[in-house]
Amino acid sequence: MNWITNSVLPKIKALVQPHDVPENLWIKCGGCGEMIFHRNLEENQQVCPNCEHHMRLSAEKRLEMLFDGEKHDRIELPKPVLDPLKFRDRKRYTDRLKEAQSKTGAEDAIIVAHGKMGGAPVVLALFRFDFMGGSMGIAVGDALVRAAELAKAQKAPLVVFPASGGARMQEGILSLMQMPRTVIAREIVKEAGLPFVVVLTDPTTGGVTASFAMLGDIHIAEPGAIIGFAGQRVIQETIREQLPDGFQRSEYLLEHGMVDMVVHRKDLRNTLIRIFAMIRSPLPEAEVVKLPKASAQAAESTDEDDET
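Just so it is clear, the model here is predicted, and its values are computed rather than measured.

### A look at the sheet that holds strand 4 (residues 110-117)
So, point 1. Strand order in the open sheet formed by seven strands is 3-4-5-6-7-8-9, with mixed pairing between adjacent strands. In the strand order of this sheet, the two ends are held by strand 3 (72-74) and strand 9 (261-262), each with one partner.
So, point 2. Packed onto the sheet, helix 3 (residues 59-66) meets strand 3, strand 4, strand 5 (120-127) and strand 6 (158-161) and runs at close to 165 degrees relative to strand 5.
So, point 3. Running over the sheet, helix 11 (residues 268-280) touches strand 4, strand 5, strand 6, strand 7 (196-200), strand 8 (218-221) and strand 9 and is turned about 170 degrees from strand 8.

Now the structure itself:
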């Protein structure tokens, strides 16, 4: 009986019972609705191979995708201020922070790293949308100032990848104060004569759009990204008009001069490298063609012609 119970029955159950299948093996595309095998999606940098729909990409994957040989160093950022306003809605703010930190393994909604792209130094600041919607609080403002100072020290371009719902409401007025602070960070880079590039990803909204995200020297957007301040429904209810199709999408903003280019994710690294190369080594200025001075004899002959 023990032999049957301990040996035979477990083998029969293993054959009959269905195996547990991970839920994330197949992912539905938000563009065309096709089911895509997760490995195919990872190999294609989270871009749908059928319709080219750009899904959200983690900050860690972007770092691997952009830096030479995937080599980079993250800088240590200030610890986030825990609940400066003692805020509470359905949960305490401290509990929400702990949940987000446990889920993502990050301290807050931004990563700052430096390394090389195309053999030249560059500083990247990347928002994490999976951390409380990439909302901008005190820690994010501190991080962007640190990133600007690092870019100045290394004489390197600063590239920011916003992916945010806007200012963090749990920090109230303190989160809104990060809007001018991020503008100061942009000024640090500008006064150092260094390029400040913003790569607008899905979504870039609220106070992030209203501050540093639209102050770049160059604005690049990923295809189909939502970029704007207020949501489309809120705008329609306010102005009581129907908005055009594709409103607040990258392509619409490109047509209306709000962004400089829309770049496919697979081409982003090479595009940034090319831009930095052109900034570091601009085309030589056209030489001014100096006409030879007229000889005295030619001048005299001209005067005689005038007298006649």
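### Focus: the state of the cysteines
So, point 1. Under the definition given, this model contains zero disulfides.
So, point 2. No disulfide involves C48; its sulfur sits 3.6 Å from the nearest other cysteine sulfur, which is in C29.

### Considering the pattern of salt bridges
So, point 1. By the definition in use, this model includes 17 salt bridges.
So, point 2. In this structure, R269 engages D68 in a salt bridge whose closest nitrogen and oxygen atoms are separated by 2.9 Å. Placement of the pair is R269 in helix 11 and D68 in the loop between helix 3 and strand 3, with a sequence separation of 201 residues.
So, point 3. A relative accessible area of 24% places R269 in the partly exposed class.
So, point 4. For R168, the salt bridge is made with D108, and the minimal N-O distance between the two is 2.9 Å. Within this pair, whereas R168 is found in the loop between strand 6 and helix 6 (172-176), its partner D108 is found in the loop between helix 4 (93-104) and strand 4, the two being separated by 60 residues in sequence.
So, point 5. A residue is classified by how much of its surface remains accessible, and D108, at 6% relative accessible area, is buried.
So, point 6. The network of salt bridges with shared partners includes E60, R74, R128 and D130.

### Some details on the pairing of strand 8
So, point 1. Because side chains alternate across strand 8, one face comprises the buried residues I218 and I220, and the other comprises H219 and A221, equally buried.
So, point 2. Note: strand 7 against strand 8, four bridges, orientation parallel. Bridge pairing in strand 8 places V199 opposite I220.
So, point 3. Where strand 8 lies against strand 9, two bridges are found, and the strand directions are parallel. Residue pairing across strands places A221 opposite V262, the latter belonging to strand 9.

### Some thoughts on the packing of aromatic side chains
So, point 1. A complete count under the given rule lists three aromatic pairs for this structure.
So, point 2. An angle of 70 degrees between the planes, with centres 5.7 Å apart, marks the rings of F247 and Y252 as edge-to-face.

### Some details on unusual backbone geometry
So, point 1. Cis geometry is found at the peptide bond from D202 to P203, where omega equals -10 degrees.
So, point 2. Its place among the elements puts P203 in the loop between strand 7 and helix 8 (206-209).
So, point 3. Look at Q45: it is not a glycine, yet its phi comes out positive at around 60 degrees.
So, point 4. Among the structural elements, Q45 can be located in the loop between helix 2 (38-43) and helix 3.
So, point 5. Using a relative accessible area of 26% as the deciding quantity, one classes Q45 as partly exposed.
So, point 6. You will see that Q46, though not glycine, has its phi angle at about 60 degrees, which is positive.
So, point 7. Among the secondary structure elements, Q46 is positioned in the loop between helix 2 and helix 3.
So, point 8. Judged by relative accessible area, which is 18%, Q46 ranks as buried.

Rules used in this analysis
- Residues numbered from 1 in each chain as written.
- Predicted model: local features only at pLDDT ≥ 70, side-chain atom pairs only at ≥ 80, totals over all residues.
- Heavy atoms only, no water.
- Pairing = 2+ DSSP bridges.
- Helix = DSSP H or I, 4+ residues; strand = E, 2+ residues; numbered from the N terminus.
- Contact = heavy atoms within 4.5 Å.
- Axes fitted to C-alpha atoms, helices over the stretch in contact; angles between N-to-C directions.
- Disulfide = S-S within 2.5 Å.
- Salt bridge = Lys/Arg side-chain N within 4 Å of Asp/Glu carboxyl O.
- Buried < 20%, exposed > 50% of the residue type's maximum accessible area, 1.4 Å probe, protein only.
- Phe/Tyr/Trp six-rings, centres within 6.5 Å; stacked < 30°, edge-to-face > 60°.

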